[in-house]
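Structural overview
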Amino acid sequence: MSDEIPDDASLAKAPSRSHGRLSARPVLRPRDLFDDARAVRGAWAARVITLFPQAFPGVLEQSLTGKAMDLGLWRLESYDLRQFGIGKHRNVDDTPAGGGAGMVLRADVVDAAFNAASVGANPDRARWPVVYLSPRGKPFDQAMARRFAACEGLTLLCGRFEGVDQRVLDHHAVEEVSLGDFVLTGGEIAAQAILDATVRLLPGVLGNAESIEEESHSNGLLEHPHYTRPPEWEGREIPPVLLSGDHGKIAKWRRTQAEALTAERRPDLWARLYPNDDDM
């Protein structure tokens, strides 16, 4: 087998795998990746480049995100990075320049995957971001989820090993995003978390749009406590104000609780909201 990356002609003949109730059309996809090639006109699209395509859709196939996928509100395509590998064994990584532990994903391999995943996508990064899941990236938050949901689609590169050749990240204007200040063995779990947070914000996915307005981080605060039946459990009662029927008092109580929780548990968020607070 040649050490060259598979060309577009060979990729176009390959079977492909996608998820969602979608209308069929020919697409350019890596070999052995999809069972069929499908598309929904105007549907929000997620394209995930990974060494473990079998990990998708995973939990995204369940609950509201899975139902939204079946309804065609969004689509998911997974690209097997190994299919773009070099040589007989389809190598995707090599030793780091300058020495050091671990391996680094090759620029030429990742470039070929990005090129395949870009077919039919808007080249404007403001309309279709390309993201590399990286512990050194900008922290993912609710505002970023809203930004992604307002786009036409999102391409995610799931990292492995020590990282990715910086040249290919720069060449494709890739945005680095982190799920938090910790390190995972790969970007697949982070990708699913980001997609879950984003897809639920798409129009029609949640039945009650008001719940998005009230949940944690939507207004910069953590969410207030919740209660439901029975009114008394293990000697603990629901706060009387929630049973009063006075919506003004209930809203004020919830706001006070949200502020107290935020100040206690997330002083960073509290300081951002109230930078001149003398108590901080």
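An account of the accompanying structure is given in this report. Values in this document were obtained by computation on a predicted structure and should not be read as measured data. (Residues numbered from 1 in each chain as written. Predicted model: local features only at pLDDT ≥ 70, side-chain atom pairs only at ≥ 80, totals over all residues. Heavy atoms only, no water.)

Take the nonpolar core next. In a soluble, globular protein the nonpolar side chains are often hidden away together inside. Counting residues in hydrophobic clusters, the biggest one holds 29 residues, and the most contacted among them are Trp44, Trp74, Leu76, Phe140, Leu154, Leu156 and Leu195. Secondary-structure elements contributing two or more residues to this core are β4 (44-50), α2 (63-70), β5 (74-80), β8 (130-139), α4 (142-149), β9 (153-158) and α6 (188-199). Tallying contributions element by element places α6 first for this core, with six residues. Counting 23 residues, the second-largest nonpolar core is a separate cluster that includes Phe84, Phe114, Val164 and Val174. (Core = buried A, V, L, I, M, F, W, Y, C linked by side-chain atoms within 4.5 Å. Buried < 20%, exposed > 50% of the residue type's maximum accessible area, 1.4 Å probe, protein only. Helix = DSSP H or I, 4+ residues; strand = E, 2+ residues; numbered from the N terminus.)

This paragraph deals with a nonpolar patch on the surface. On the surface, Leu179, Phe182, Leu184 and Ile189 cluster together into a nonpolar patch covering about 360 Å² of accessible area. Secondary-structure assignment places Ile189 in helix α6. Judged by relative accessible area, which is 60%, Ile189 ranks as exposed. (Patch = residues over 30% accessible without salt bridge, like charges linked within 9 Å, V, L, I, M, F, W, Y side chains within 5 Å. Areas by Shrake-Rupley, 256 points an atom, 1.4 Å probe, with all protein chains shown as cover. Salt bridge = Lys/Arg side-chain N within 4 Å of Asp/Glu carboxyl O.)

On to the sheet that holds strand β7 (residues 104-105), then. A sheet is described by the order of its strands in space; here three strands give the open sequence β6-β7-β10, paired in mixed fashion. Unpaired on one side and paired on the other, β6 (93-94) and β10 (163-164) mark the two borders of the sheet. With two bridges connecting them, β7 and β10 associate as parallel partners. Note on β10: the bridge partner recorded for Val104 is Gly163. (Pairing = 2+ DSSP bridges.)

You can see Glu162 is positioned in the loop between β9 and β10. Taking the C-alpha atoms as reference points, Glu162 and Gly100, separated by 62 residues in sequence, lie 9.7 Å from one another. Residue contacts for Glu162: discarding those within four places in its chain leaves Ala101, Gly102, Met103 and Val104. (Contact = heavy atoms within 4.5 Å.)

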